[in-house]
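Fold and contact review
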Amino acid sequence: MRKYFYLFAALISATLILSSCTEQPSEAGKVNDFRIKRGTNLSHWLSQSEERGEARQQHIQEDDFERLEQLGFDFVRIPIDEVQFWDEEGNKLPEAWDLLTMALDMSVKHHLRAIVDLHIIRSHYFNAVNEEGKDANTLFTSEESQQQLINMWYQLSDVLKGYSNDSVAYEFMNEPVADDHEQWNQLVAKVHKALREREPQRTLVIGSNLWQSSETIKYLKVPEGDKNIILSFHYYNPSILTHYGAWWTPIGKYTGKVNYPGILVSKEDYEAAPDSLKPQLEPYTKEEWNIDRIRSDFKDAIAAAKKYDLQLFCGEWGVYEPVDRDLAYKWTKDMLAVFDEFDIAWTTWCYDADFGFWDQKKNDYKDKGLVDILMSGKALEK
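None of the values given here were measured: they were computed from a predicted structure.

Moving on to the nonpolar core. The biggest cluster of nonpolar side chains holds 106 residues, and the ones touching the most others in it are Ile78, Leu100, Leu149, Leu231, Phe298 and Phe357. The contact partners of Leu100, leaving out residues within four places of it in the chain, are Leu46, Ile78, Ile80, Phe85, Val116, Leu156 and Leu160. Ranked by size, the runner-up nonpolar core spans nine residues in total, among them Phe34, Ile36, Ile230 and Phe313.

Take the sheet that holds strand 5 (residues 204-207) next. Strand order in the closed barrel formed by eight strands is 1-2-3-4-5-6-9-10, and the pairing between neighbours is parallel. Each neighbouring strand pair of the sheet contributes to a mean axis angle of 25 degrees, computed without reference to strand direction. The pairing of strand 1 (residues 38-41) with strand 10 (residues 345-348) spans three bridges and is classified as parallel. Across the sheet, Gly39 pairs through a bridge with Thr347, a residue of strand 10. Along the sheet, helix 8 (residues 181-198) contacts strand 4 (168-171), strand 5 and strand 6 (229-234); its crossing angle with strand 5, the most-contacted strand, is approximately 175 degrees.

Moving on: the packing of helix 5 (residues 94-109) against helix 7 (residues 143-160). Helix-helix packing is described using two parameters, namely the angle between the two axes and the distance between the axes. Running from N to C, helix 5 and helix 7 cross one another at 50 degrees; their axes reach a closest spacing of 11 Å. By the angle between their axes, helix 5 is oblique relative to helix 7. With respect to the hand of their crossing, helix 5 and helix 7 are arranged in right-handed fashion. Of the residues in helix 7, those touching helix 5 at Trp97, Leu100, Thr101 and Leu104 are Gln155, Leu156, Val159 and Leu160. In the contact of helix 5 with helix 7, the residues fall into six nonpolar, two polar and no charged.

On to helix 8, then. The end-to-end C-alpha distance of helix 8, which contains 18 residues, comes to 26 Å, matching closely the 26 Å that a straight helix rising 1.5 Å per residue would cover. Listing the buried residues of helix 8 in full gives Trp184, Asn185, Leu187, Val188, Val191, His192, Ala194, Leu195 and Arg196. For helix 8, the secondary structure elements touched by its buried residues are helix 7, strand 4, strand 5, helix 9 (209-212) and strand 6. Capping of helix 8 at its N-terminal end is provided by Asp180; its side-chain oxygen lies 2.8 Å from the backbone amide nitrogen of Glu182.

Moving on to the side chain of His119. Structurally, His119 can be placed in strand 3 (residues 113-120). Here the side chain of His119 touches Asn174 through a polar contact of 3.5 Å, side chain to side chain. Contact partners of His119, with chain neighbours within four places excluded, come to Ser47, Gln48, Arg77, Pro79, Ile80, Asp81, Phe126, Asn174, Glu316 and Trp349.

Thresholds applied
- Residues numbered from 1 in each chain as written.
- Predicted model: local features only at pLDDT ≥ 70, side-chain atom pairs only at ≥ 80, totals over all residues.
- Heavy atoms only, no water.
- Core = buried A, V, L, I, M, F, W, Y, C linked by side-chain atoms within 4.5 Å.
- Buried < 20%, exposed > 50% of the residue type's maximum accessible area, 1.4 Å probe, protein only.
- Contact = heavy atoms within 4.5 Å.
- Pairing = 2+ DSSP bridges.
- Helix = DSSP H or I, 4+ residues; strand = E, 2+ residues; numbered from the N terminus.
- Axes fitted to C-alpha atoms, helices over the stretch in contact; angles between N-to-C directions.
- Parallel < 35°, antiparallel > 145°, perpendicular 65-115°, else oblique.
- Left-handed = near helix turned anticlockwise from the far one by under 90°.
- Nonpolar A, V, L, I, M, F, W, Y, C, P; charged D, E, K, R; others polar.
- Expected span 1.5 Å × (residues − 1).
- Polar contact = N/O pair within 3.5 Å; in protein donor to acceptor, adjacent residues only side chain to side chain.

Listed below in structure tokens is the structure:
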């Protein structure tokens, strides 16, 4: 009887070994179907906004997602701020969480993928260098602040992990501004490791130091062997065109004429400008800006995507509302041409705020011409 027992055990062992050899790859090694091409930012809602209560609840609703789907967008980026989701003691503020899950539910319903972007946190704000002094950001010098960032993502993951990896991605911080690129690289590695322990397969969106610039992406160290990463950069150049009249920027004080394509500021307009602005205006009197310049500015980002064999994504680009529409349209067409040439996904900045094309108060387009141009580019291949 005992020999039959040993024979049976041997057969079971052989079966288990054979099964392990033929087992399918683990979910952690699978590449998600999180494919994106044309999108927009749902900005100034759960981020960079003082709206609360009824005003915030009414700001973005299902008809917005339905509209974006009908227009031909295939995804949205949803910026969120720490101050809207947690109080100063770290307690959750339920209303914002409900609105975020509503947005993701509506995205799924209307066939839009979504990127949840942790936009501003208490220990890091991308404009703090300009507005509050360099000491305002503690993220890169404080272990406690870094752990708080990870803890926020633990809590976000607990709520969002039920959404399909093919539908929802995480961008764990927007526009890092560290004194040294290696500080950001070390934080990327730390947050990546923490998230992978919770969600081995979730698509993560990662950009480079110094406002996610295309110029600094060559310094970014991307976690090796992880194909569920999307590389991100932002682009608003030339700022004298995209931010013409923007009160929060120094260049926005310029009121003279801007040209595009070509030399952006003529010598005559430069001479007529206030002396205080001339140091900022001078570069725009010498360099030509056109589609070739845009293509050249993207080269480092394109090279990084090829190096790591990852999808490339321009998470923010757009033109301030007061900018001459003819100039805005010419620049937009050139941007789209380069995006399509190199298969770069994009989200405009933004849907309904001061760079946007939709007016929530009037419930109508404020720039239908811009939408038509955006939808003239390549769509996501099914």
